[in-house]
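The residues making up each chain are set out below.
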Amino acid sequence: MAATPEPRTPQGRAGLEALLAAPERAVVALDFDGTLAPIVARPEDARAHPGAVAALARLAPRIGSVVVITGRPAEVAVRYGGFAGVPGLDRMTVLGHYGAERWEASTGTVSAPPPHPGVRAARDELPALLEGAGSGPAAADLAGVHVEDKGGRAVAVHTRRAARPQAAFDLLHAPLRELADRHGLHLEPGRMVLELRPPGMDKGIALAGYLRESGAGSVLYAGDDLGDLAAFGAVEELRGEGVAGLLVCSGSEEVAELAARADLVVDGPGGVVGLLDSLATALGA
(Lines give C-alpha, C1' and ligand atoms only; values in the text may rest on other atoms or scores of the structure.)
Protein backbone atom coordinates (compact mmCIF):
# COMPACT_ATOMS: atom_id res chain seq x y z
CA MET A 1 0.00 0.00 0.00
CA ALA A 2 1.39 3.43 -0.93
CA ALA A 3 2.63 5.75 1.79
CA THR A 4 0.39 8.63 2.83
CA PRO A 5 1.08 11.63 0.55
CA GLU A 6 2.74 14.61 2.23
CA PRO A 7 0.76 17.88 2.25
CA ARG A 8 2.54 20.84 0.69
CA THR A 9 1.68 23.35 3.43
CA PRO A 10 2.64 23.55 7.13
CA GLN A 11 -1.04 23.72 8.13
CA GLY A 12 -1.80 20.62 6.10
CA ARG A 13 1.12 18.71 7.58
CA ALA A 14 -0.05 19.69 11.07
CA GLY A 15 -3.55 18.47 10.20
CA LEU A 16 -2.27 15.11 9.00
CA GLU A 17 -0.05 14.72 12.06
CA ALA A 18 -2.98 15.48 14.39
CA LEU A 19 -5.21 12.95 12.61
CA LEU A 20 -2.59 10.21 12.91
CA ALA A 21 -1.65 11.11 16.51
CA ALA A 22 -5.22 11.14 17.88
CA PRO A 23 -7.43 9.31 15.34
CA GLU A 24 -10.23 8.86 17.89
CA ARG A 25 -10.85 12.64 17.68
CA ALA A 26 -10.47 12.87 13.90
CA VAL A 27 -13.27 13.46 11.39
CA VAL A 28 -12.86 12.57 7.72
CA ALA A 29 -15.38 14.61 5.72
CA LEU A 30 -15.91 14.09 2.01
CA ASP A 31 -17.91 15.50 -0.86
CA PHE A 32 -19.60 12.87 -3.06
CA ASP A 33 -19.66 13.82 -6.78
CA GLY A 34 -16.17 14.36 -8.12
CA THR A 35 -14.59 13.23 -4.83
CA LEU A 36 -15.92 9.78 -4.00
CA ALA A 37 -17.68 9.34 -7.35
CA PRO A 38 -16.39 10.27 -10.81
CA ILE A 39 -18.20 13.12 -12.59
CA VAL A 40 -20.54 11.77 -15.28
CA ALA A 41 -22.68 13.40 -17.96
CA ARG A 42 -25.95 12.19 -16.40
CA PRO A 43 -26.21 12.86 -12.62
CA GLU A 44 -28.39 9.79 -12.15
CA ASP A 45 -25.55 7.60 -13.48
CA ALA A 46 -23.08 8.62 -10.75
CA ARG A 47 -21.74 5.82 -8.56
CA ALA A 48 -18.97 5.70 -5.98
CA HIS A 49 -15.49 4.80 -7.20
CA PRO A 50 -15.12 0.98 -7.11
CA GLY A 51 -12.64 1.20 -4.24
CA ALA A 52 -14.37 3.89 -2.19
CA VAL A 53 -16.58 1.80 0.09
CA ALA A 54 -13.82 -0.68 0.90
CA ALA A 55 -11.38 2.14 1.71
CA LEU A 56 -13.92 3.88 3.93
CA ALA A 57 -14.78 0.62 5.69
CA ARG A 58 -11.08 0.08 6.48
CA LEU A 59 -10.60 3.61 7.78
CA ALA A 60 -13.86 4.40 9.59
CA PRO A 61 -13.43 2.06 12.60
CA ARG A 62 -10.02 3.62 13.31
CA ILE A 63 -11.11 7.28 13.51
CA GLY A 64 -13.75 9.34 15.29
CA SER A 65 -16.19 9.48 12.40
CA VAL A 66 -16.72 9.67 8.64
CA VAL A 67 -19.22 12.11 7.15
CA VAL A 68 -20.22 12.70 3.52
CA ILE A 69 -21.48 16.23 2.78
CA THR A 70 -23.28 16.56 -0.54
CA GLY A 71 -25.76 18.65 -2.45
CA ARG A 72 -27.67 15.50 -3.37
CA PRO A 73 -30.56 14.19 -1.28
CA ALA A 74 -29.06 12.11 1.51
CA GLU A 75 -30.90 8.94 0.50
CA VAL A 76 -29.68 9.27 -3.09
CA ALA A 77 -26.05 9.69 -2.01
CA VAL A 78 -26.37 6.64 0.26
CA ARG A 79 -27.84 4.57 -2.57
CA TYR A 80 -25.39 5.73 -5.25
CA GLY A 81 -22.51 5.34 -2.82
CA GLY A 82 -23.53 1.88 -1.62
CA PHE A 83 -22.97 2.93 2.00
CA ALA A 84 -25.89 1.22 3.75
CA GLY A 85 -25.36 -2.00 5.64
CA VAL A 86 -21.58 -2.09 5.12
CA PRO A 87 -19.56 -3.57 8.02
CA GLY A 88 -17.26 -0.87 9.33
CA LEU A 89 -19.52 1.99 8.27
CA ASP A 90 -22.04 1.58 11.09
CA ARG A 91 -21.21 5.08 12.47
CA MET A 92 -21.18 6.87 9.11
CA THR A 93 -23.24 10.04 8.57
CA VAL A 94 -24.41 11.55 5.28
CA LEU A 95 -25.47 15.21 5.27
CA GLY A 96 -27.59 15.72 2.15
CA HIS A 97 -28.80 18.96 0.59
CA TYR A 98 -25.80 20.76 2.13
CA GLY A 99 -26.79 19.68 5.62
CA ALA A 100 -30.57 20.08 5.40
CA GLU A 101 -30.97 16.29 5.46
CA ARG A 102 -29.15 13.82 7.70
CA TRP A 103 -28.78 10.06 7.29
CA GLU A 104 -27.29 7.96 10.06
CA ALA A 105 -26.00 4.48 9.30
CA SER A 106 -26.82 3.43 12.85
CA THR A 107 -30.54 3.86 12.22
CA GLY A 108 -30.77 3.86 8.42
CA THR A 109 -33.17 6.81 8.54
CA VAL A 110 -33.18 10.34 7.10
CA SER A 111 -34.26 13.39 9.11
CA ALA A 112 -35.06 16.74 7.48
CA PRO A 113 -37.04 19.97 7.93
CA PRO A 114 -39.93 20.92 5.57
CA PRO A 115 -38.90 22.01 2.02
CA HIS A 116 -38.48 25.72 1.24
CA PRO A 117 -41.53 26.93 -0.81
CA GLY A 118 -39.29 29.01 -3.09
CA VAL A 119 -37.71 25.89 -4.56
CA ARG A 120 -41.02 24.61 -5.95
CA ALA A 121 -41.91 28.06 -7.30
CA ALA A 122 -38.54 28.40 -9.05
CA ARG A 123 -38.79 24.87 -10.46
CA ASP A 124 -42.21 25.65 -11.91
CA GLU A 125 -40.83 28.74 -13.68
CA LEU A 126 -37.76 27.03 -15.12
CA PRO A 127 -39.30 25.62 -18.34
CA ALA A 128 -40.44 29.07 -19.48
CA LEU A 129 -37.12 30.63 -18.45
CA LEU A 130 -35.10 28.08 -20.42
CA GLU A 131 -37.38 28.42 -23.42
CA GLY A 132 -36.96 32.20 -23.39
CA ALA A 133 -33.19 32.06 -22.88
CA GLY A 134 -32.85 29.54 -25.69
CA SER A 135 -34.75 31.49 -28.32
CA GLY A 136 -33.03 32.74 -31.45
CA PRO A 137 -29.28 32.15 -31.98
CA ALA A 138 -28.85 30.84 -28.41
CA ALA A 139 -31.06 27.81 -29.07
CA ALA A 140 -28.12 25.70 -30.25
CA ASP A 141 -26.09 26.53 -27.14
CA LEU A 142 -28.84 25.32 -24.79
CA ALA A 143 -29.61 22.06 -26.60
CA GLY A 144 -29.06 19.30 -24.06
CA VAL A 145 -29.45 21.42 -20.91
CA HIS A 146 -30.91 19.23 -18.17
CA VAL A 147 -32.94 20.18 -15.07
CA GLU A 148 -32.58 18.05 -11.93
CA ASP A 149 -35.21 18.29 -9.18
CA LYS A 150 -33.47 17.36 -5.92
CA GLY A 151 -36.49 16.12 -4.06
CA GLY A 152 -38.10 19.56 -3.73
CA ARG A 153 -35.19 20.90 -1.62
CA ALA A 154 -33.12 22.27 -4.50
CA VAL A 155 -33.21 22.39 -8.27
CA ALA A 156 -30.15 22.21 -10.51
CA VAL A 157 -29.63 23.16 -14.15
CA HIS A 158 -26.88 21.07 -15.75
CA THR A 159 -25.10 22.25 -18.89
CA ARG A 160 -22.50 19.47 -19.25
CA ARG A 161 -24.61 17.72 -21.90
CA ALA A 162 -25.29 20.92 -23.85
CA ALA A 163 -23.82 21.41 -27.31
CA ARG A 164 -21.57 24.13 -25.86
CA PRO A 165 -21.48 23.56 -22.09
CA GLN A 166 -19.60 26.70 -21.04
CA ALA A 167 -21.60 28.94 -23.37
CA ALA A 168 -24.86 27.54 -21.95
CA PHE A 169 -23.56 28.01 -18.39
CA ASP A 170 -22.63 31.65 -19.07
CA LEU A 171 -25.93 32.37 -20.83
CA LEU A 172 -28.05 31.01 -17.96
CA HIS A 173 -26.09 32.42 -15.02
CA ALA A 174 -27.74 35.87 -14.92
CA PRO A 175 -31.39 34.79 -15.47
CA LEU A 176 -31.05 32.01 -12.91
CA ARG A 177 -29.59 34.42 -10.37
CA GLU A 178 -32.59 36.70 -10.92
CA LEU A 179 -34.93 33.73 -10.50
CA ALA A 180 -33.18 32.73 -7.28
CA ASP A 181 -33.33 36.27 -5.88
CA ARG A 182 -37.03 36.55 -6.68
CA HIS A 183 -37.84 33.45 -4.63
CA GLY A 184 -35.44 34.02 -1.75
CA LEU A 185 -33.01 31.33 -2.87
CA HIS A 186 -29.23 31.07 -3.23
CA LEU A 187 -27.63 30.35 -6.62
CA GLU A 188 -24.60 28.05 -6.36
CA PRO A 189 -22.45 27.65 -9.50
CA GLY A 190 -20.53 24.42 -9.90
CA ARG A 191 -18.86 22.27 -12.55
CA MET A 192 -21.22 22.90 -15.47
CA VAL A 193 -24.18 23.17 -13.09
CA LEU A 194 -26.17 26.04 -11.56
CA GLU A 195 -28.11 25.09 -8.45
CA LEU A 196 -30.88 27.03 -6.72
CA ARG A 197 -31.31 26.20 -3.04
CA PRO A 198 -32.52 27.83 0.20
CA PRO A 199 -30.19 30.32 1.91
CA GLY A 200 -28.20 29.32 4.98
CA MET A 201 -27.32 25.95 3.47
CA ASP A 202 -23.74 25.32 2.44
CA LYS A 203 -21.04 22.77 3.09
CA GLY A 204 -19.16 25.13 5.39
CA ILE A 205 -22.13 25.55 7.73
CA ALA A 206 -22.85 21.82 7.64
CA LEU A 207 -19.23 20.87 8.30
CA ALA A 208 -18.66 23.38 11.11
CA GLY A 209 -21.82 22.26 12.88
CA TYR A 210 -20.89 18.60 12.59
CA LEU A 211 -17.34 19.18 13.88
CA ARG A 212 -18.55 21.12 16.90
CA GLU A 213 -21.17 18.47 17.64
CA SER A 214 -18.58 15.69 17.46
CA GLY A 215 -15.91 17.53 19.47
CA ALA A 216 -13.36 16.96 16.71
CA GLY A 217 -9.71 17.66 17.34
CA SER A 218 -8.79 17.36 13.67
CA VAL A 219 -10.52 17.17 10.30
CA LEU A 220 -9.67 16.09 6.79
CA TYR A 221 -12.01 17.60 4.20
CA ALA A 222 -11.88 16.51 0.55
CA GLY A 223 -13.83 18.15 -2.28
CA ASP A 224 -13.61 19.04 -5.95
CA ASP A 225 -15.98 21.90 -6.77
CA LEU A 226 -16.83 25.53 -6.06
CA GLY A 227 -19.40 24.42 -3.49
CA ASP A 228 -16.53 22.95 -1.46
CA LEU A 229 -14.91 26.37 -1.01
CA ALA A 230 -17.30 27.06 1.88
CA ALA A 231 -16.10 23.89 3.62
CA PHE A 232 -12.48 24.90 2.99
CA GLY A 233 -13.28 28.26 4.59
CA ALA A 234 -14.83 26.56 7.62
CA VAL A 235 -11.71 24.44 8.14
CA GLU A 236 -9.48 27.50 7.80
CA GLU A 237 -11.56 29.32 10.42
CA LEU A 238 -11.57 26.34 12.79
CA ARG A 239 -7.80 26.11 12.59
CA GLY A 240 -7.78 29.40 14.44
CA GLU A 241 -9.83 27.74 17.19
CA GLY A 242 -7.39 24.88 17.61
CA VAL A 243 -8.93 22.27 15.29
CA ALA A 244 -6.16 20.97 13.02
CA GLY A 245 -7.24 20.60 9.41
CA LEU A 246 -6.11 19.01 6.16
CA LEU A 247 -7.70 20.35 2.96
CA VAL A 248 -7.69 17.96 0.01
CA CYS A 249 -8.64 18.75 -3.59
CA SER A 250 -9.84 15.91 -5.76
CA GLY A 251 -7.93 17.34 -8.71
CA SER A 252 -9.78 18.99 -11.55
CA GLU A 253 -8.66 21.49 -14.15
CA GLU A 254 -12.18 22.95 -14.00
CA VAL A 255 -11.82 24.35 -10.44
CA ALA A 256 -8.33 25.82 -10.14
CA GLU A 257 -9.34 27.98 -7.15
CA LEU A 258 -9.96 24.93 -4.98
CA ALA A 259 -6.65 23.34 -5.94
CA ALA A 260 -4.82 26.58 -5.12
CA ARG A 261 -6.26 26.61 -1.56
CA ALA A 262 -5.74 22.90 -0.89
CA ASP A 263 -2.97 21.50 1.27
CA LEU A 264 -2.93 18.38 -0.88
CA VAL A 265 -4.12 17.73 -4.45
CA VAL A 266 -4.86 14.15 -5.50
CA ASP A 267 -5.84 12.71 -8.85
CA GLY A 268 -9.64 12.65 -8.70
CA PRO A 269 -11.73 9.99 -6.92
CA GLY A 270 -9.06 7.38 -7.51
CA GLY A 271 -6.56 9.59 -5.70
CA VAL A 272 -9.02 10.15 -2.84
CA VAL A 273 -9.49 6.39 -2.47
CA GLY A 274 -5.72 5.95 -2.44
CA LEU A 275 -5.40 8.56 0.29
CA LEU A 276 -8.10 6.91 2.42
CA ASP A 277 -6.43 3.53 2.00
CA SER A 278 -3.04 4.95 2.96
CA LEU A 279 -4.51 6.52 6.11
CA ALA A 280 -6.14 3.22 7.07
CA THR A 281 -2.82 1.45 6.61
CA ALA A 282 -0.96 4.08 8.65
CA LEU A 283 -3.49 3.55 11.46
CA GLY A 284 -2.95 -0.21 11.45
CA ALA A 285 -5.75 -1.51 9.24
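I will try to describe carefully the structure that is included in this document. (Residues numbered from 1 in each chain as written. Predicted model: local features only at pLDDT ≥ 70, side-chain atom pairs only at ≥ 80, totals over all residues. Heavy atoms only, no water.)

Here we look at the packing of aromatic side chains
For any pair of aromatic rings, the description rests on two quantities: the centre-to-centre distance and the angle between the ring planes. Under the criterion given, the structure shown has two aromatic pairs. For the pair F32 and F83, a centre-to-centre distance of 6.2 Å together with 85° between the ring planes defines the contact as edge-to-face. On the criterion of sequence distance, the pair formed by F32 in the loop between β1 (26-30) and α2 (52-59) and F83 in the loop between α3 (74-81) and β3 (93-96) is long-range, its members being 51 residues apart. By relative accessible area, which is 1% here, F83 ends up buried. Relative to F232, the ring of Y221 has its centre 6.2 Å away and its plane inclined at 90°; by these criteria the two rings are edge-to-face. A residue pair is termed long-range when its members are at least 10 positions apart, and Y221 in strand β10 (residues 218-223) and F232 in helix α8 (residues 229-239) qualify at eleven residues. Summarising the burial analysis for this pair, Y221 and F232 share the class buried. Geometry around Y80 places R47 over its ring, the cationic atom sitting 4.2 Å from the centre. A cation sits over an aromatic face here: R197 above Y98, 3.6 Å from the ring centre. (Phe/Tyr/Trp six-rings, centres within 6.5 Å; stacked < 30°, edge-to-face > 60°. Helix = DSSP H or I, 4+ residues; strand = E, 2+ residues; numbered from the N terminus. Buried < 20%, exposed > 50% of the residue type's maximum accessible area, 1.4 Å probe, protein only. Lys NZ or Arg CZ within 6 Å of the ring centre and 35° of its normal.)

Observations concerning the pairing of β10
Here is the key point about a regular strand: its side chains alternate between the two faces of the sheet. The buried fraction of β10 amounts to six of the six residues, a majority that puts the element mostly inside the structure. Of the two faces of β10, the one lined by S218, L220 and A222 and the one lined by V219, Y221 and G223 are each fully buried. Bridging between β1 and β10 involves five bridges; their strand directions are parallel. Of the residues in β10, the one forming a bridge with A29 is Y221. Across six bridges, β10 lies against strand β11 (residues 244-250) in parallel orientation. Looking at the pairing, L220 lines up with L246 of β11. (Pairing = 2+ DSSP bridges.)

Description of the pattern of salt bridges
Under the counting rule described, the total for this entry stands at 22 salt bridges. A salt bridge links R42 to D45, with the nearest nitrogen and oxygen atoms 2.8 Å apart. By relative accessible area, which is 36% here, R42 ends up partly exposed. The class of D45 is partly exposed, set by a relative accessible area of 41%. In this structure, R58 and D277 form a salt bridge, with 2.8 Å as the shortest nitrogen-oxygen distance. (Salt bridge = Lys/Arg side-chain N within 4 Å of Asp/Glu carboxyl O.)

Some thoughts on the sheet that holds strand β4 (residues 101-104)
The strand order β5-β4-β3-β2-β1-β10-β11-β12 describes an open sheet built from eight strands, whose pairing is mixed. Two strands bound the open sheet, and with one partner strand each, they are β5 (109-111) and β12 (264-266). Between one strand axis and the next, the sheet turns by 20° as a mean value, whatever way the strands run. Relative to strand β2 (residues 65-69), β1 runs parallel, the two being bridged by four bridges. Looking at β2, one finds that V28 is bridged to V66. Against the sheet, helix α7 (residues 203-214) contacts β1, β2, β3, β4 and β10, and its axis sits at roughly 165° relative to β2. (Axes fitted to C-alpha atoms, helices over the stretch in contact; angles between N-to-C directions. Contact = heavy atoms within 4.5 Å.)

Honestly, that's just the spatial picture; any functional story needs more than this.
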